[in-house]
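# Examining the three-dimensional arrangement
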Amino acid sequence: MNTERKILVTGAKGFVGARVMEYFKDAIAFPSEILRASSPEKGVVEYVKRVQPAAIIHTAAISDIGACEKDPDASYLANVILPDALNKAAMEEKIKLLMFSSDQVYTGMTEEGPFSDETELPEPTNTYARHKLLSEKRTLDKNSDCVHLRATWMYDMPLYNHKNRANFLTIALKAAQTGMPMDASVNQHRAVTYVRQVAENLEKMLSVPGGAYNYGSANGENMYDTTIAFFRALGLNEKALALVRKTENPGSLWMKPDKLNRNGVYFDTTIEGFDRVIKDYALKG
């Protein structure tokens, strides 16, 4: 059920933000020109004070790993300085702040997982993840009530009139429709999550204690078996299943949702999420 709680949303036209705007009936899009300022603090604080929202959900980011490597200064501004400004505004107005972090913060781990959100993390292996982890630490040091959501890879069908990036669902469907092979690793463990459920669960997250949370579906399968499970859920034949090519690329972003569950927030498993998105969009048949 959609809520009428007044929520201020950054990145309202982005992949996650657009779904958040659909879910929260009285959601307000944070003006992008304020967020993109080279020194955003003054404008952010003044705007939040004027609007007086019940909470802020921060989805805006430069999340393209390659773009962050090419321009680390832009990444630092978007992924560290802007969250600092939003955190200051939230503290001054005494409102809840939810920020989207990423499962990429676990890229420095050498173990397979699954990883607890209480784990002491080594330095991540890419600029985007390093900035996300730095933002977590900086904002929580000042505001223990702030919530960071270490989101898994998310998927959905494209939205009309929005900028839509490729995601697991669109990549897999393209492979199935065109007959082009799709690589998937037997050595990578991570979850993929239906973004509609990501948006739905934010209402409950507005009431949880501050801190970092592993956020999304649980999935104990490697990416090869996960992709095969999706193709099977679509009802595809063995010829289509053969499009999924095994690779051995290493790396694990396998997270445990224990802290999330302790606070009464639950997701479908990755495999259950496949069944839901297939039903929602009538993809099988």
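Residues numbered from 1 in each chain as written. Predicted model: local features only at pLDDT ≥ 70, side-chain atom pairs only at ≥ 80, totals over all residues. Heavy atoms only, no water.

Another aspect to go through is the pattern of salt bridges. Per the counting criterion, the structure on display carries 17 salt bridges. Note that Lys88 is salt-bridged to Glu41, the shortest N-O span being 3.7 Å. Within this pair, whereas Lys88 is found in helix 5 (residues 72-93), its partner Glu41 is found in helix 3 (residues 41-51), the two being separated by 47 residues in sequence. Classification of Lys88 by relative accessible area gives partly exposed; the value is 29%. Two residues, Glu200 and Arg276, come together in a salt bridge whose shortest N-O distance is 2.5 Å. Here Glu200, found in helix 8 (residues 195-200), pairs with Arg276, found in helix 13 (residues 270-280); they are 76 residues apart in sequence, far enough to count as distant. Since its relative accessible area comes to 30%, Glu200 is described here as partly exposed. (Salt bridge = Lys/Arg side-chain N within 4 Å of Asp/Glu carboxyl O. Helix = DSSP H or I, 4+ residues; strand = E, 2+ residues; numbered from the N terminus. Buried < 20%, exposed > 50% of the residue type's maximum accessible area, 1.4 Å probe, protein only.)

To continue, consider the environment of Asn143. Locating Asn143 in the fold gives a position in the loop between helix 6 (127-142) and strand 5 (147-151). Exposure remark for Asn143: the relative accessible area of 10% places this residue in the buried category. Separated by 134 residues in sequence, Asn143 and Val277 place their C-alpha atoms 36 Å apart. Apart from residues lying up to four places away in sequence, Asn143 is in contact with Asn87 and Met91. A distance of 2.9 Å separates the side chain of Asn143 from the side chain of Asn87, its partner in a polar contact. (Contact = heavy atoms within 4.5 Å. Polar contact = N/O pair within 3.5 Å; in protein donor to acceptor, adjacent residues only side chain to side chain.)

Take the packing of helix 10 (residues 223-233) against helix 13 next. Contact pair helix 10 / helix 13: the axes reach a minimum separation of 10 Å and the direction vectors enclose 30 degrees. In terms of their interaxial angle, helix 10 and helix 13 are classed as roughly parallel. Classified by chirality, the crossing of helix 13 by helix 10 is right-handed. Residue-level contacts link Thr226, Ala229, Phe230 and Ala233 of helix 10 to Thr270, Ile271, Phe274, Asp275 and Ile278 of helix 13. Its residues placed into classes, the contact of helix 10 with helix 13 shows 6 nonpolar, 2 polar and 1 charged. (Axes fitted to C-alpha atoms, helices over the stretch in contact; angles between N-to-C directions. Parallel < 35°, antiparallel > 145°, perpendicular 65-115°, else oblique. Left-handed = near helix turned anticlockwise from the far one by under 90°. Nonpolar A, V, L, I, M, F, W, Y, C, P; charged D, E, K, R; others polar.)

Tallying each qualifying case throughout the model produces 2 cavities of 30 Å³ or more. Lining the largest cavity are His58, Asn79, Pro83, Met99, Phe100, Ser101, Lys132, Ser135, Glu136 and His148. When its residues are assigned to classes, the lining of the largest cavity shows 3 nonpolar, 5 polar and 2 charged. Roughly 30 Å³ of internal volume is contained in the second largest cavity. Taken together, Thr152, Asn214, Tyr215, Gly216, Ser217, Ala218, Met255 and Pro257 make up the full set of residues lining the second largest cavity. Of the residues assigned to the lining of the second largest cavity, the class counts are 4 nonpolar, 4 polar and no charged. (1 Å grid on protein atoms, 1.4 Å probe; cavity = no way out; pocket = protein on both sides within 12 Å on 5 of 7 lines; lining within 4 Å. Points joined across faces, edges and corners; volume = space filled by probe spheres on them.)

Val16, Gly17, Ala18, Arg19, Val20 and Tyr23 are the residues of helix 1 (residues 15-23) that are buried. On its buried face, helix 1 is in contact with strand 1 (7-10), strand 3 (55-58), strand 4 (96-102), strand 6 (153-155), helix 8 and helix 9 (202-205).

It is worth spelling out the sheet that holds strand 4 at this point. Spatial strand order, 2-1-3-4-5-9: 6 strands in an open sheet with parallel pairing. Each end of this open sheet is capped by a strand with a single partner; those strands are strand 2 (28-29) and strand 9 (211-215). With 5 bridges joining them, strand 4 and strand 5 adopt parallel strand pairing. Bridge pairing links Met99 to His148 in strand 5. (Pairing = 2+ DSSP bridges.)

Turning to unusual backbone geometry, a few remarks are in order. Between Gly113 and Pro114 the backbone carries a cis peptide bond, its omega angle lying at 5 degrees. Looking at the element boundaries, Pro114 is found in the loop between strand 4 and helix 6. A positive phi angle, near 55 degrees, is found at Lys94, a position not held by glycine. The exposure class assigned to Lys94 is exposed, which follows from its relative accessible area of 74%.

This paragraph deals with the state of the cysteines. Enumeration according to the criterion identifies 0 disulfides in this entry. Free cysteine Cys68: the closest other cysteine sulfur is in Cys146, separated by 19 Å. Among the residues examined, Cys68 registers a relative accessible area of 0% and is labelled buried. A residue is classified by how much of its surface remains accessible, and Cys146, at 0% relative accessible area, is buried. (Disulfide = S-S within 2.5 Å.)

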